[in-house]
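Structural features, examined
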Amino acid sequence: MEKIPYKIYLSEDEMPKYWFNLRAKMKELPEPFVNPGTGEYCTKDELLPVFCEELVDQELNTTDAYIEIPEEIRDFYKMYRPSPLVRAYCLEKKLDTPAEIYYKYEGTNTSGSHKLNSAAAQAYYAKKQGLTSLTTETGAGQWGTALSMACAYFNLDLSVYMVKVSAEQKPHRRAVMETYGAKVIASPSDTTNAGRKILAETPDTNGSLGCAISEAIEVAVTTDNCKYVLGSVLNHVGLHQSIIGLETKAACDKYDIKPDIIIGCAGGGSNLLGLIAPFMADKIEGKNDIDFVAVEPASCPSLTRGRYALDFGDTGKTTPLIRMYTLGSGFMPSPNHAGGLRYHGMSPIISKLYHDGYIRAKAYTQNEVFEAATQFARVEGILPAPESSHAIKAAIDEALACKATGEKKTIVFGLTGTGYFDMTAYMNYNAGNMTDYVPTDEDLQKGFDSLPEIEQK
């Protein structure tokens, strides 16, 4: 058999021309969004004041397995896609494991992550609708960076509400966003009613994605010719990210690679959903028995310690109710360096798959994640983002388990971004100053107390 190369590349002609909608293959669908005022499922008309129309159509589409990627978006993608599937030969040798390890590397663009896959699509649809500006939130800054690049390309104004602690930890992220023309505001801020309310109640807060979402939505609905866009959680974002999994599957098929385990970090769930979507469809249809693993920070453990409940997507409680694994919209996560994973809830699709037993979840503390990140960087030559490093840690653990048992398994994980804007975190780890915070049951209860006062199934 032909030796598998270190990097498996697809040609531009092999890049997918359709996104994959996993919901069309699921036996049981996630519950639709609920209007908190009426208790009824949200209609298209109720979502249009906030989101672009074509994105709403994608959000609500549960029947079409394949949705065409417009040519203009494919042309944008070709600047950095297809991305490579990498055989981690060096890591395998270092671990002395019989396992085969692969990672899908999404850090080959200036934004540094997978986020550009959805940013390009959402900016395109906004421009097509005739909008002139967008608002959004960002945690680690990867989504904000990606959207600023996309908005610059499609000539749209952009306001980014960046979680306060991340804005402080990553000033260079802010500089990149501003270079692409975005206006960046640390959240919570005094520029919105939602921000002022949060600051009045918790003046020393480090902020959260829930806070930033509240502010961005408020600006969107009070600004002419403006809509809000989100970088994770929602169904249409996972749809756009399915290009990751489609490329991964095509690369695997080229060399008859059959994954036994697929691993992804999980905050809002978009990159994990994108990676696993086509493989999960086959599992649902009984064509494989892949072990899917979602990995989250122990400081924000929505899957491993959260509740499956209807909850608001933001701290200001302005969104529809979403059935998801959640810590409560009022949960304020600690200032973990994996800023992109500091969200109180999980994608409704990922939540449903987890609830139905198709996925398992693991949680790690910061120090063990950065230990894995450093080990990976030293042998594979890539400095990984803290978010991606959660998947690396899980992959190493699975490979070492194979070493202990002598079993040869094929492990695939998502390396969603680079860590070059996370040097403060690496400096803290190298100096031995990194702390591990794991919320107590009492800490989590404060978040659960913020769940909406409705009958929860």
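Summarised in this report is the structure supplied together with it. (Residues numbered from 1 in each chain as written. Predicted model: local features only at pLDDT ≥ 70, side-chain atom pairs only at ≥ 80, totals over all residues. Heavy atoms only, no water.)

Details of the sheet that holds strand β4 (residues 85–87)
Let me state the cut-off plainly: Between any two strands, at least two bridges found by DSSP are needed for them to pair. Working definition: helices are DSSP H or I runs of at least four residues, strands are E runs of at least two. Numbering for both runs from the N terminus. What makes two residues a contact is simply this: any of their non-hydrogen atoms within 4.5 Å. In this analysis, axes come from line fits to C-alpha atoms, helices being fitted only over the stretch in contact, and the angle between any two N-to-C directions falls in the range 0 to 180 degrees.
Across the sheet, which stays open at both edges, the 7 strands sit in the order β1-β4-β5-β15-β10-β11-β14 with mixed pairing between neighbours. Both outer strands of the open sheet, β1 (7–8) and β14 (359–364), are each paired with one neighbouring strand and no more. Of the pairings in the sheet, the one linking β4 to strand β5 (residues 100–105) comprises 3 bridges and is antiparallel in character. Counted as the bridge partner of V86 is Y103 from β5. In this fold helix α12 (residues 270–284) packs onto β5, β10 (261–265), β11 (291–297), β14 and β15 (410–415), with an angle of close to 155° to the strand it touches most, β10. In this fold helix α15 (residues 366–380) packs onto β5, β14 and β15, with an angle of close to 95° to the strand it touches most, β14.

Comments concerning the pattern of salt bridges
Rules: Salt bridges are counted wherever a side-chain nitrogen of Lys or Arg sits within 4 Å of a carboxyl oxygen of Asp or Glu. Each residue is assigned to one of three classes by its accessible area relative to the maximum for its type, calculated with a 1.4 Å probe on protein chains only: buried under 20%, partly exposed between the two thresholds, exposed over 50%.
Scanning the entire structure with this criterion turns up 25 salt bridges. In this structure, E106 and R81 form a salt bridge, with 2.8 Å as the shortest nitrogen-oxygen distance. Of this pair, E106 sits in the loop between β5 and α5 (116–128) while R81 sits in the loop between α3 (71–77) and β4, placing them 25 residues apart in sequence. Each member of the pair, E106 as well as R81, is classed as buried. A salt bridge links E398 to R360, with the shortest nitrogen-to-oxygen separation between them at 2.7 Å. You can see E398 sitting in helix α16 (residues 386–405) and its partner R360 sitting in strand β14, a full 38 residues away along the chain. With relative accessibility at 31%, the residue R360 sits in the partly exposed group. Salt bridges sharing common partners tie together R81, K104, E106 and E247.

Focus on the side chain of R342
Selection rule: Under the counting rule used here, the positive set is Lys and Arg, the negative set is Asp and Glu, and His together with the chain ends is not counted. Residues adjacent in sequence count toward polar contacts only when both atoms are side-chain atoms; beyond that, a polar contact is any pair of N or O atoms within 3.5 Å, and within protein one must be able to donate a hydrogen and the other to accept it.
Structurally, R342 is set in the loop between β13 (321–326) and α14 (348–355). Put simply, R342 is tucked away with no salt bridge, and the nearest opposite charge, on E387, sits 8.8 Å away. One polar contact links the side chain of R342 to the main-chain carbonyl oxygen of P333, over a distance of 3.0 Å.

Keep in mind these numbers describe shape, not what the thing actually does.
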